[in-house]
Amino acid sequence: MNSPPETPSGAEHSDAELLAAHIDGDPHAFSEIVKRHRDRMWAVALRTLGDPDEAADAVQDAFVSAYRKAATFRGEAAVTTWLHRIVVNACLDRMRRKSVRPVADDELIEAAERDTPMPDQTLEREVSMEVSAALKLLPADQRAALVLVDMMGYSVEDAAQVLEVPSGTVKSRCARGRAKLAPILSHLRNRSDLSRVSSAKGAELRDG
């Protein structure tokens with residue numbers, strides 16, 4: 001009697017292999033993809049929407065969509081890029097459909113920094129709150145570009161793949177967004193701790 005095929009889970013299997021296994025009917029493969037990427041998807045959604053509840057719903061919607069549309073993945077980009085694209089689109093859809101409710105400062109900061117202990121909590125919470133509030137003033141497309149490039153540390157080229165726009169468009173959106181944020185956040189530029197504002201890769205506010 002032949003043994004059942006081994007489920008491709010764990011570090012030895014790539015995202016693409018797991019996605020292929022999911023498409024072929026493996027009941028566990030997609031769960032492994034979710035485990036690998038949910039924290040980063042959550043970080044992108046939270047910084048884009050500025051609301052933990054909306055971010056959680058957007059991530060859930062995105063993974064449901066990815067689960068159902070896995071067969072449409074053509075391998076033209078990395079699986080992680082494909083997932084980011086779905087999450088960002090879920091966030092943009094929510095931003096366009098309704099105004100995201102204001103969130104209590106403590107709630108937002110607790111969610112954003114849940115696993116990121118900070119040496120100077122008071123100063124950095126103040127900075128993070130100001131940056132988050134300022135981002136909400138930007139149009140959706142500029143906010144998404146700045147979150148990916150300036151807060152999540154993506155290259156312009158990678159952000160362009162996620163947003164499905166030319167690199168020049170990402171640069172333009174970032175430049176316009178930074179220009180709008182500059183007068184609002186100019187008082188933060190001389191703070192030595194600004195570069196430690198939380199992000200998955202050490203977020204840093206850039207002057208552009």
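Above this text is the structure in question.
A few points on the structure. Small disclaimer: the values here were computed from a predicted structure and weren't measured.

**Topic: helix 2 (residues 29-49)**
With 21 residues, helix 2 extends 29 Å between its outermost C-alpha atoms, agreeing within 8% with the 30 Å of an ideal straight helix rising 1.5 Å per residue. For helix 2, the buried fraction is high: 15 of the 21 residues fall into the buried class. After helix 2 finishes, the residue Gly50 shows a positive phi value of roughly 70 degrees.

**Thoughts on the packing of aromatic side chains**
To describe a pair of aromatic rings, one takes the distance between the centres and the angle between the planes. As enumerated under the stated definition, the model contains 3 aromatic pairs in all. When the ring of Phe30 is compared with that of Phe63, the centres are 6.4 Å apart and the planes differ by 85 degrees; the resulting orientation is edge-to-face. Highlighted residues: Phe30 in helix 2 and Phe63 in helix 3 (residues 52-68), separated in sequence by 33 residues. For the pair formed by Phe30 and Phe63, the shared burial category is buried.

**Re the packing of helix 2 against helix 7 (residues 140-151)**
Their axes nearest at 9 Å, the elements helix 2 and helix 7 cross at an angle of 130 degrees. Taken together, helix 2 and helix 7 sit at an angle that is classed as oblique. Note on packing geometry: the crossing formed by helix 2 with helix 7 is right-handed. Touching Val44, Arg47, Thr48 and Leu49 of helix 2 are Arg143, Val147, Leu148 and Met151, all from helix 7. Tallied by class, the residues present in the contact of helix 2 with helix 7 amount to 5 nonpolar, 1 polar and 2 charged.

**Considering the packing of helix 4 (residues 79-97) against helix 8 (residues 156-163)**
Contact pair helix 4 / helix 8: the axes reach a minimum separation of 8 Å and the direction vectors enclose 60 degrees. By the criterion of interaxial angle, the relationship of helix 4 to helix 8 is oblique. As for the relative orientation of helix 4 and helix 8, their crossing is right-handed in sense. Across the interface between the two elements, Thr81, His84, Arg85 and Val88 of helix 4 pack against Gln161, Val162 and Leu163 of helix 8. A breakdown of the residues in the contact of helix 4 with helix 8 according to their chemical character gives 3 nonpolar, 3 polar and 1 charged.

**Considering the layout of surface pockets**
Empty space among the atoms can be located by rolling a probe the size of a water molecule over them. Reported here for the second largest pocket is a volume of approximately 210 Å³. Taken together, Asp61, Ala62, Ser65, Lys69, Thr72, Trp82, Arg85, Ile86, Asn89, Ala90 and Asp93 make up the lining of the second largest pocket. Among the secondary structure elements, those contributing two or more residues to the lining of the second largest pocket are helix 3 and helix 4. It is helix 4 that contributes the most residues to the lining of the second largest pocket, 6 residues altogether. Split by residue class, the lining of the second largest pocket holds 4 nonpolar, 3 polar and 4 charged.

**Topic: the environment of Arg38**
Mapped onto the fold, Arg38 is located in helix 2. The class for Arg38 is partly exposed, based on a relative accessible area of 44%. For the pair Arg38 and Leu83, spaced 45 residues apart in the sequence, the C-alpha separation amounts to 9.7 Å.

**Remarks on unusual backbone geometry**
Across residues other than glycine, the phi torsion is negative in most instances, and most of the peptide bonds are trans. The backbone phi angle of Glu164 is positive, close to 60 degrees, even though this residue is not glycine. Checked against the element boundaries, Glu164 lands in the loop between helix 8 and helix 9 (167-185).

**With respect to the pattern of salt bridges**
What the rule picks out here adds up to 7 salt bridges. Glu54 is paired through a salt bridge with Arg94; the nearest N and O atoms lie 3.0 Å apart. Linking Glu54 in helix 3 with Arg94 in helix 4, this pair joins segments that are 40 residues apart in sequence. Each of the two residues, Glu54 as well as Arg94, counts as buried. Taking the shortest distance from any N to any O, the salt bridge between Arg173 and Asp141 comes out at 3.6 Å.

Cut-offs used in this document
- Residues numbered from 1 in each chain as written.
- Predicted model: local features only at pLDDT ≥ 70, side-chain atom pairs only at ≥ 80, totals over all residues.
- Heavy atoms only, no water.
- Helix = DSSP H or I, 4+ residues; strand = E, 2+ residues; numbered from the N terminus.
- Expected span 1.5 Å × (residues − 1).
- Buried < 20%, exposed > 50% of the residue type's maximum accessible area, 1.4 Å probe, protein only.
- Phe/Tyr/Trp six-rings, centres within 6.5 Å; stacked < 30°, edge-to-face > 60°.
- Axes fitted to C-alpha atoms, helices over the stretch in contact; angles between N-to-C directions.
- Parallel < 35°, antiparallel > 145°, perpendicular 65-115°, else oblique.
- Left-handed = near helix turned anticlockwise from the far one by under 90°.
- Contact = heavy atoms within 4.5 Å.
- Nonpolar A, V, L, I, M, F, W, Y, C, P; charged D, E, K, R; others polar.
- 1 Å grid on protein atoms, 1.4 Å probe; cavity = no way out; pocket = protein on both sides within 12 Å on 5 of 7 lines; lining within 4 Å.
- Points joined across faces, edges and corners; volume = space filled by probe spheres on them.
- Salt bridge = Lys/Arg side-chain N within 4 Å of Asp/Glu carboxyl O.

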